[in-house]
Amino acid sequence: MGPIAIIDYGAGNLRSVQKAFERLGYPARFVSSPGELDSASAVVFPGQGASPQAVAALNAHGMADPIRDWIADGRPFFGVCLGLQLLLDHSEEGDTPALGIVPGHVRRFEPGLKVPHMGWNSVALRQPHPLFDGVPESSYFYFVHSYYAAPDDPSWTAGETTYGVNFTSFIARDNVVATQFHPEKSGAPGLMLYDNFVKRLVREQA
Amino acid sequence: MLTKRIIPCLDVTGGRVVKGASFVNLRDAGDPVELAAFYDREGADELVFLDITASSDGRDTIIDVVEHVSEQVFIPLTVGGGVRTVEDVRKLLNAGADKVSMNTAAVLNPDAFAAATAAFGNQCLVIAIDARRIAPDSPAADPSLLADGHPGKGALAVGPGSRWEVYIHGGRTPTGIDAVRWAEYTAELGAGEVLLTSMDADGHQDGYDLELTRAVADAVPIPVIASGGAGCIEHLAQAVTDGHADAALAASIFHYGQHVIADVKRSLAAQGIPTREVH
């Protein structure tokens, strides 16, 4: 199996994502240019910083089209936090056009709620998904975000979380999965998601 | 439901945890990695590491601590103590911290705090506030350590309605800044969270300053961690029920025995407050 490619455009700490995969025994390396994707078995896109800067950095590194191509080719992709939000068409954060893989918008939580939505919250799956195999239904996951994804087509929404509104916290279709929460900061259940990703989506495809 | 968080605080100097959990069956109770893993197993929702190194020489040891802990423990880590510049924040985040707190430096140089939130995102920056009650007969606050034009000499200054004052330098130096207004102002600068310590309650184990906690938690649009004064399980529950805090932080209470965190969560659950069960 080739290494897991963690998209890194140098705007923040992704060490814990890498450590989580390494802890599970899977080699993972940071990738900041399209050519480095060649030998990779999967792409993990955690996103860093705010949406406008993130999209600008992706474009500056020439990574936006290679990510779209990777997904269109049916290869395993895991978006995390901002990496989920950037799959949509557009984000209200800085009025930013995003990757346009999932039709819909990213919206800010309404006033009156504490923002960021920070801490441990649960995820209600719409139907069982291999990423959650063996993960207890009552598990909590660590969130920290001020915006949430609202896909136009509800079939992209594989799991929801309640914070003022019910929002999409888990996106899944074919080779694409994405979580609004941070698996690498969600203790044992979070590590199980990364493990399931490699076992169910990466290896089976290889 | 978003759950209320219970957060142990570990004081670190020279790469070692001091005031550590000597009761625990740990091979080395001063080892940050071992202690962090223990608290993770016990159900801690996050960990706060406070670098209490007095001199500037030994500061890089906290970087090593964060690197080693983040390789082993997969829950959020906040690191604070002596953080002054954007570069300090960057080093800690790159070492594996999820959040970095600033306290004295944010007061003396609010621009540095704002620059850090802009560089790394609101969610990475915690404003740590040490607040002390203002006695009714106390002399007027002295903001002389603040630069001219500093908001603490204007809109944020302690006034007739003020009840708590911000202290810096580990609680030794009064600033003349109203604590509630400072919390609101730093949230506007981009803080993602407030770590609020009552200097009056800290160390007494008589409970948090619930009035202070509630005043700040109700005033700011960001989460608030209550700190200072926890002496028993009920105190932590009170911080979130009566104090309206989003999280409760404590140090010494967690050193008394095992399962304290689980007991706190049971107490909260019995009052209908959502908490994270650990499997």
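Residues numbered from 1 in each chain as written. Chains lettered and ligands numbered in written order. Predicted model: local features only at pLDDT ≥ 70, side-chain atom pairs only at ≥ 80, totals over all residues. Heavy atoms only, no water.

Caption draft 1: Main features of the overall build of chain A. Of the regular secondary structure elements, chain A holds five helices and 14 strands. The globule rule puts the C-alpha radius of gyration for 206 residues at 17 Å, and the 16 Å found for chain A is close to it. Projected onto its principal axes, the C-alpha positions of chain A cover 45 × 40 × 30 Å. When each of the 206 residues of chain A is scored for burial, the buried share is 61%. Sequence separation of 24 or more characterises 70% of the internal contacts of chain A that already satisfy a separation of 6 or more. By element, 49% of the accessible surface of chain A is carried by carbon and sulfur atoms, the whole surface being about 7500 Å². Between the centroid of the 15 positive side chains of chain A and the centroid of its 21 negative side chains there is a distance of 8 Å. (Helix = DSSP H or I, 4+ residues; strand = E, 2+ residues; numbered from the N terminus. Rg over C-alpha atoms; globule rule 2.2 N^0.38 Å. Buried < 20%, exposed > 50% of the residue type's maximum accessible area, 1.4 Å probe, protein only. Contact = heavy atoms within 4.5 Å. Areas by Shrake-Rupley, 256 points an atom, 1.4 Å probe, with all protein chains shown as cover. Lys, Arg positive; Asp, Glu negative; His and termini not counted. Charge placed at Lys NZ, Arg CZ, Asp CG, Glu CD.)

Caption draft 2: Spotlight on the side chain of Lys114 of chain A. Within the secondary structure layout, Lys114 of chain A lies in the loop between β7 (102–108) and β8 (117–122). Although Lys114 of chain A is buried, it forms no salt bridge, and the closest oppositely charged side chain is Asp246 of chain B at an N-O distance of 4.1 Å. The contact partners of Lys114 of chain A, leaving out residues within four places of it in the chain, are Tyr163 of chain A together with Ala217, Val220, Pro221, Ile222, Pro223, Val224 and Asp246 of chain B. (Salt bridge = Lys/Arg side-chain N within 4 Å of Asp/Glu carboxyl O.)

Caption draft 3: Structural view of the interface of chain B and chain A. Counting residues at the interface gives 36 residues for chain B and 30 residues for chain A. Both sides together, the interface formed by chain B and chain A hides about 2700 Å², and carbon and sulfur atoms give 54% of it. The interface formed by chain B and chain A includes three salt bridges. For Glu71 of chain B, the salt bridge identified is with Lys19 of chain A, shortest N-O distance 3.9 Å. Here the element with the most residues in the side of chain B that touches chain A is helix α2 (residues 60–72) of chain B; it accounts for four residues. (Buried area = accessible area lost by both parts, 1.4 Å probe.)

Caption draft 4: Inspection of the packing of aromatic side chains at higher detail. Residue and element names in this part refer to chain A. Counting across every chain of the model gives 17 aromatic pairs over all chains. A ring pair is formed by Trp120 and Tyr142, whose centres lie 5.8 Å apart and whose planes are at 70°; its orientation type is edge-to-face. Of this pair, Trp120 sits in strand β8 while Tyr142 sits in strand β10 (residues 140–145); the two residues are 22 residues apart in sequence, bridging distant segments of the chain. Between Phe132 and Phe170 the ring centres are 5.0 Å apart and the planes differ by 55°, which places this aromatic pair in the tilted class. (Phe/Tyr/Trp six-rings, centres within 6.5 Å; stacked < 30°, edge-to-face > 60°.)

Caption draft 5: Looking closely at the pattern of salt bridges. In total, this model carries 23 salt bridges over all chains according to the counting rule given. Among the salt bridges present, the one from Asp98 of chain B reaches Lys185 of chain A, with a minimum N-O distance of 2.9 Å. Residue Asp98 of chain B is located in the loop between α3 (86–95) and β5 (99–102), and its partner Lys185 of chain A is located in the loop between β14 (176–179) and α5 (187–202); the two belong to separate chains. Lys185 of chain A shares its class with Asp98 of chain B; the two are buried.

Caption draft 6: Summary view of the nonpolar core. In this structure, Leu47, Phe49 and Leu236 of chain B are the most contacted members of the largest nonpolar core, which totals 84 residues. Sorting elements by how many residues they give to this core places helix α6 (residues 179–189) of chain B first, with six residues. Those residues in contact with Leu236 of chain B that lie beyond four places of it in its chain are Ile6, Tyr208, Ala230, Ala248, Ala250, Ile253, Phe254 and Val264 of chain B. Counting residues in each nonpolar core, the second largest holds 39 residues, with Phe167, Leu193 and Phe197 of chain A together with Leu2 of chain B among its members. (Core = buried A, V, L, I, M, F, W, Y, C linked by side-chain atoms within 4.5 Å.)

Caption draft 7: Region of the structure containing the packing of α3 of chain B against helix α5 (residues 110–120) of chain B. Residue and element names in this part refer to chain B. Relative orientation of the contacting elements α3 and α5 amounts to 40°, with a least axis distance of 9 Å. Here α5 runs oblique to α3, going by the angle between their axes. For α3 against α5, the interelement crossing comes out right-handed. Two secondary-structure elements touch here, α3 through Val86, Val89, Arg90 and Leu93 and α5 through Ala112, Ala115, Ala116, Ala119 and Phe120. Tallied by class, the residues present in the contact of α3 with α5 amount to eight nonpolar, no polar and one charged. (Axes fitted to C-alpha atoms, helices over the stretch in contact; angles between N-to-C directions. Parallel < 35°, antiparallel > 145°, perpendicular 65-115°, else oblique. Left-handed = near helix turned anticlockwise from the far one by under 90°. Nonpolar A, V, L, I, M, F, W, Y, C, P; charged D, E, K, R; others polar.)

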